[in-house]
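Fold and contact review
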Amino acid sequence: MKSFQQFMNENEAQDDKMDLAIQDVENKKDAELEKKKKKEENKETEERLKRITDLEATVGNMQQQ
């Protein structure tokens, strides 16, 4: 029969494994969210740059008239 100490050590080891697994899942989720956020920021930046280019072209056309 296992001693109480052995039982507690085994439970602690299982808890540590579970904590690591949970932490891995959370890290992957955070990385995915960060990647999605960066992609969205890049899209917004691209749209802003296009609007700036369009405005510069419009101003250039107005100045030539």
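Shown above is the structure to which this text applies.
Note that the coordinates shown come from a computational prediction; the quantities given were computed from them, not determined experimentally.

Digging into the pattern of salt bridges
Side chains that carry opposite charge are capable of pairing whenever their charged atoms lie near each other. Going through the model one piece at a time under the given rule, you end up with one salt bridge. A salt bridge links Lys 50 to Asp 54; the nearest nitrogen and oxygen atoms lie 3.2 Å apart. Of this pair, Lys 50 and Asp 54 both sit in helix 1 (residues 4–64), separated by four residues, roughly a single helical turn.

Describing the environment of Leu 20
Its location among the elements puts Leu 20 in helix 1. Its relative accessible area of 58% is what places Leu 20 among the exposed residues.

Looking at a nonpolar patch on the surface
Taken together, the side chains of Phe 4, Phe 7 and Met 8 define a hydrophobic patch exposed on the protein surface, amounting to about 330 Å² of accessible area. Structurally, the position occupied by Met 8 is in helix 1.

What counts, and where the lines are drawn
- Residues numbered from 1 in each chain as written.
- Predicted model: local features only at pLDDT ≥ 70, side-chain atom pairs only at ≥ 80, totals over all residues.
- Heavy atoms only, no water.
- Salt bridge = Lys/Arg side-chain N within 4 Å of Asp/Glu carboxyl O.
- Helix = DSSP H or I, 4+ residues; strand = E, 2+ residues; numbered from the N terminus.
- Buried < 20%, exposed > 50% of the residue type's maximum accessible area, 1.4 Å probe, protein only.
- Patch = residues over 30% accessible without salt bridge, like charges linked within 9 Å, V, L, I, M, F, W, Y side chains within 5 Å.
- Areas by Shrake-Rupley, 256 points an atom, 1.4 Å probe, with all protein chains shown as cover.

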